[in-house]
Amino acid sequence: MESLRIAASHRPPLLLPSPHQLRRRHIAAVSLSLPHTSLSLSSHHHHHHRLAPTPLRRRIPPLLASQTPNPEADSPAPAGAKLAPLLVSLAVGLAVRFLAPRPPEVSPQAWQLLSIFLSTIAGLVLGPLPVGAWAFLGLTAAVATHTLPFAAAFSAFTNEVIWLIVISFFFARGFVKTGLGDRIATYFVKWLGGSTLGLSYGLTISEAFISPAMPSTTARAGGVFLPIIKSLSLSAGSKPNHPSSRKLGSYLVMSQFQAAGNSSALFLTAAAQNLLCLKLAEELGIIVANPWVAWFKAASLPAIASLLATPYLLYKIFPPETKDTPDAPALAAEKLERMGPVTKNEWVMIGTMLLAVSLWVFGDAIGVSSVVAAMLGLSILLLLGVLDWDDCLNEKSAWDTLAWFAVLVGMAGQLTNLGIVSWMSSCVAKLLESFSLSWPAAFCVLEASYFLIHYLFASQTGHVGALYSAFLAMHVAAGVPRVLSALALAFNTNLFGALTHYSSGQAAVYFGAGYLELPDVFRMGFVTALINILIWGVVGTFWWKLLGLY
């Protein structure tokens, strides 16, 4: 017993009120636990092994550990804007406003709005404040300086496409809350998961299957596919942030991450930025008739070709150590058995999404717009209790998107109205003409530029709000067919979502899982991007010619 007192007296003093209480508590704890300890050890162990201090350390009451001061937890997080990004973001706008010469064909109001817009974009890239907060500051600057009247500054908050994007977040929450997305993906694992490659194809196909009715790539990644991938990987002994991650988890995460861009590009309603692209194109006078069907027809062949190629190519250039997963179908079947039969809420979710997708496809013919179809779907989910209003209120990303999307769309629209976009596009068109580029060559240069610039952006939707209108105007000025320009830029917006660990919402989700090393993300992101561009360029060229887009 004296040895126990000596061991106990060496505990860190900050965990305990006093040394006397420390000794009393440890003596009592060990006295109660000694019979269990002696039974759990082999009979040949020596007595002093049973009384080693390590078990005592595990028996310290949790309350004592929680009383340990934590300087990091006690110190408040820095409040307000980050100084260096703030100064750089403001400097960009001030330099344009006061140092750059204003072209004579641009009005002072337009030039001032351009400076505020560029400062806002710089802040979105550098992050002095959260995205929504910084966008609000930009909007405030535009109103406070009388650059825009209040009504014009807030006009985009009534934009139906932005509200369609907001409602899409609620649909995604419904898929996660009911477990429907998880059930669909698990079925594909059961059917195709006998090998690692088959498992990847099962996950990829299931994402493409649910993407038109779950219009958030980030929600699909975090709410459906990453939990399944982690479960399968751990069951195969592949742990995150561990050398064993390359056994299975790294490949599955990388494959799903890289394929997500193609599934998002396959359907108009598979990603929020798709809807925003067509709205911005409409503001430039480019109307895509029957948009859901037109989008799917144009994207179908190149997207499906890339979806089929990506898992196999990554299997060759980023191979998993485990090639066969014979237990995966059994695990999936066991999980489905635990989930039980399809619930009432899942059936409601299925019926509602079939209705919404049908209205998105055929709505133009019967006079039902896309946002009305989404509103009807959300109303059904609320009426039947699949979602409640608290679910909608707690969907912070939806309301944040409403705020900063509306600011960017509103500013971009006013820049178009004030002639900034047409001035920029004419300048670029003259530059391209000086190189005597044909429209196909100009198309390739502009698309490549739009793609590579995304290394500077941490959001696909932010990229769209900042540059889509300008690049679309440049395409048109260079003689590229109008509808082809609008769709190609929109498809491109999905494909660059897997370039880096910060290039999209799903990128942050998959990288945060701990299965990917940062150099691998950049390397495979660039290589897969080249593969996707090659497939879309070759297949798309023939397919779009056949469809009459050029």
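Residues numbered from 1 in each chain as written. Predicted model: local features only at pLDDT ≥ 70, side-chain atom pairs only at ≥ 80, totals over all residues. Heavy atoms only, no water.

A low pLDDT score tells you not to read the predicted coordinates there in detail. This prediction gives the protein chain a mean pLDDT of 83; 86% of its residues lie at or above 70. In the model, residues 1-75 has pLDDT below 50 throughout and makes 36 contacts with residues more than four positions away in sequence or in other chains. (pLDDT = per-residue confidence, 0-100. Contact = heavy atoms within 4.5 Å.)

A positive phi angle, near 50 degrees, is found at Asn 241, a position not held by glycine. Mapped onto the secondary structure, Asn 241 falls in the loop between helix H14 (217-235) and helix H15 (249-266). Even without being a glycine, Asn 290 presents a positive backbone phi close to 45 degrees. Here Asn 290 is to be found in the loop between helix H16 (272-283) and helix H17 (291-317). For Asn 290, a relative accessible area of 31% puts it in the partly exposed group. (Helix = DSSP H or I, 4+ residues; strand = E, 2+ residues; numbered from the N terminus. Buried < 20%, exposed > 50% of the residue type's maximum accessible area, 1.4 Å probe, protein only.)

Further remarks concern the packing of helix H13 (residues 196-210) against H17. Where H13 meets H17, the closest approach of the two axes is 10 Å, and the angle between their N-to-C directions is 150 degrees. When the axes of H13 and H17 are compared, the pair comes out roughly antiparallel. Considering the relative orientation of H13 and H17, their crossing is right-handed. Residues Thr 196, Leu 197, Ser 200, Tyr 201, Thr 204 and Ala 208 of H13 touch H17, and the partners they reach there are Leu 307, Leu 308, Pro 311, Tyr 312 and Tyr 315. Here the residues of the contact of H13 with H17 sort into 8 nonpolar, 3 polar and no charged. (Axes fitted to C-alpha atoms, helices over the stretch in contact; angles between N-to-C directions. Parallel < 35°, antiparallel > 145°, perpendicular 65-115°, else oblique. Left-handed = near helix turned anticlockwise from the far one by under 90°. Nonpolar A, V, L, I, M, F, W, Y, C, P; charged D, E, K, R; others polar.)

Looking at where Pro 329 falls in the secondary structure, it is placed in helix H18 (residues 327-339). Put simply, Pro 329 and Gly 194 are 135 residues apart on the chain and 6.3 Å apart in space, counted from C-alpha to C-alpha. Excluding residues within four positions of it along the chain, Pro 329 makes contact with Val 189, Lys 190, Gly 193 and Gly 194.

Our next topic: the packing of aromatic side chains. Applying the stated criterion to the full structure yields 21 aromatic pairs. Ring centres 6.3 Å apart and planes at 75 degrees place the aromatic pair Trp 163 and Trp 399 in the edge-to-face group. Here Trp 163 is found in helix H11 (residues 160-178), whereas its partner Trp 399 is found in helix H22 (residues 396-417), with 236 residues between them in sequence. Taking 5.8 Å as the distance between ring centres and 70 degrees as the angle between the ring planes, the aromatic pair formed by Trp 439 and Tyr 550 counts as edge-to-face. Taken together, the residues span a long stretch of sequence, with Trp 439 in helix H24 (residues 439-452) and Tyr 550 in the segment after helix H28 (518-547) at a distance of 111 residues. With relative accessibility at 30%, the residue Tyr 550 sits in the partly exposed group. Counting every residue linked through ring pairs, the aromatic cluster contains Tyr 187, Phe 188, Trp 191 and Phe 209. One residue, Arg 97, lies across the ring of Phe 98, its end atom 4.9 Å from the ring centre. Over the ring of Tyr 315 we find Lys 323, and its NZ or CZ is 5.1 Å from the ring centre. (Phe/Tyr/Trp six-rings, centres within 6.5 Å; stacked < 30°, edge-to-face > 60°. Lys NZ or Arg CZ within 6 Å of the ring centre and 35° of its normal.)

For the rest of this paragraph, the subject is the packing of H17 against helix H26 (residues 482-495). The interhelical angle for the contact between H17 and H26, taken along N-to-C directions, is 65 degrees, at an axis separation of 11 Å. Note on packing geometry: the crossing formed by H17 with H26 is right-handed. Residue-level contacts link Trp 295, Ala 298 and Ala 299 of H17 to Leu 487, Ala 490, Phe 491 and Asn 494 of H26. Taken together, the residues of the contact of H17 with H26 sort by class into 6 nonpolar, 1 polar and no charged.

Looking now at a nonpolar patch on the surface. Taken together, the side chains of Val 88, Val 92, Leu 118, Val 125, Leu 126 and Leu 456 make up a nonpolar region of the molecular surface, amounting to roughly 440 Å² of accessible area. Counting residues per element, the ones that place at least two in the nonpolar patch are helix H7 (83-99) and helix H8 (108-126). The dominant element in the nonpolar patch, judged by the number of residues it contributes, is H8, at 3 residues. Relative to the assigned elements, Val 125 resides in helix H8. (Patch = residues over 30% accessible without salt bridge, like charges linked within 9 Å, V, L, I, M, F, W, Y side chains within 5 Å. Areas by Shrake-Rupley, 256 points an atom, 1.4 Å probe, with all protein chains shown as cover. Salt bridge = Lys/Arg side-chain N within 4 Å of Asp/Glu carboxyl O.)

This part is about helix H12 (residues 180-192). Between its first and last C-alpha, H12 extends 19 Å over 13 residues, near the 18 Å set by a 1.5 Å rise per residue. Considered for burial, the residues of H12 that qualify are Leu 180, Gly 181, Arg 183, Ile 184, Ala 185, Thr 186, Phe 188 and Val 189. Of the surrounding secondary structure, the elements contacted by the buried residues of H12 are H11, H13, H14, H18 and helix H19 (344-366). (Expected span 1.5 Å × (residues − 1).)

Residue position: Ser 233 is located in helix H14. For Ser 233, a relative accessible area of 0% gives the class buried. At 2.8 Å, the side chain of Ser 233 forms a polar contact with the backbone oxygen of Ile 229. (Polar contact = N/O pair within 3.5 Å; in protein donor to acceptor, adjacent residues only side chain to side chain.)

Moving on, we come to the nonpolar core. Within the largest apolar cluster, 150 residues are counted, with the highest numbers of intra-cluster contacts made by Trp 360 and Tyr 468. A per-element tally of this core places H11 first, with 11 residues. Once residues lying within four places of it in the same chain are set aside, the contact partners of Trp 360 are Leu 164, Phe 171, Pro 212, Thr 269, Trp 292, Met 353, Ser 370, Ala 373 and Ala 374. (Core = buried A, V, L, I, M, F, W, Y, C linked by side-chain atoms within 4.5 Å.)

Here we take up the layout of surface pockets. Considered as a void within the structure, the largest pocket measures approximately 710 Å³ in volume. Taken together, 35 residues line the largest pocket, and the ones lying closest to its centre are Thr 218, Trp 404, Ser 459, Thr 461 and Gly 505. Of all the secondary structure elements, the ones that give two or more residues to the lining of the largest pocket are H8, H11, H14, H16, H22, helix H25 (460-477) and helix H27 (505-511). The residue inventory of the lining of the largest pocket, partitioned by class, reads 17 nonpolar, 15 polar and 3 charged. Size it by volume and the second largest pocket reaches roughly 570 Å³. Around the second largest pocket, the lining comprises 22 residues; the ones closest to its centre are Phe 443, Cys 444, Glu 447, Ile 533 and Gly 537. Elements with a minimum of two residues in the lining of the second largest pocket: H24, H26 and H28. Grouping the amino acids of the lining of the second largest pocket by side-chain chemistry returns 18 nonpolar, 3 polar and 1 charged. (1 Å grid on protein atoms, 1.4 Å probe; cavity = no way out; pocket = protein on both sides within 12 Å on 5 of 7 lines; lining within 4 Å. Points joined across faces, edges and corners; volume = space filled by probe spheres on them.)

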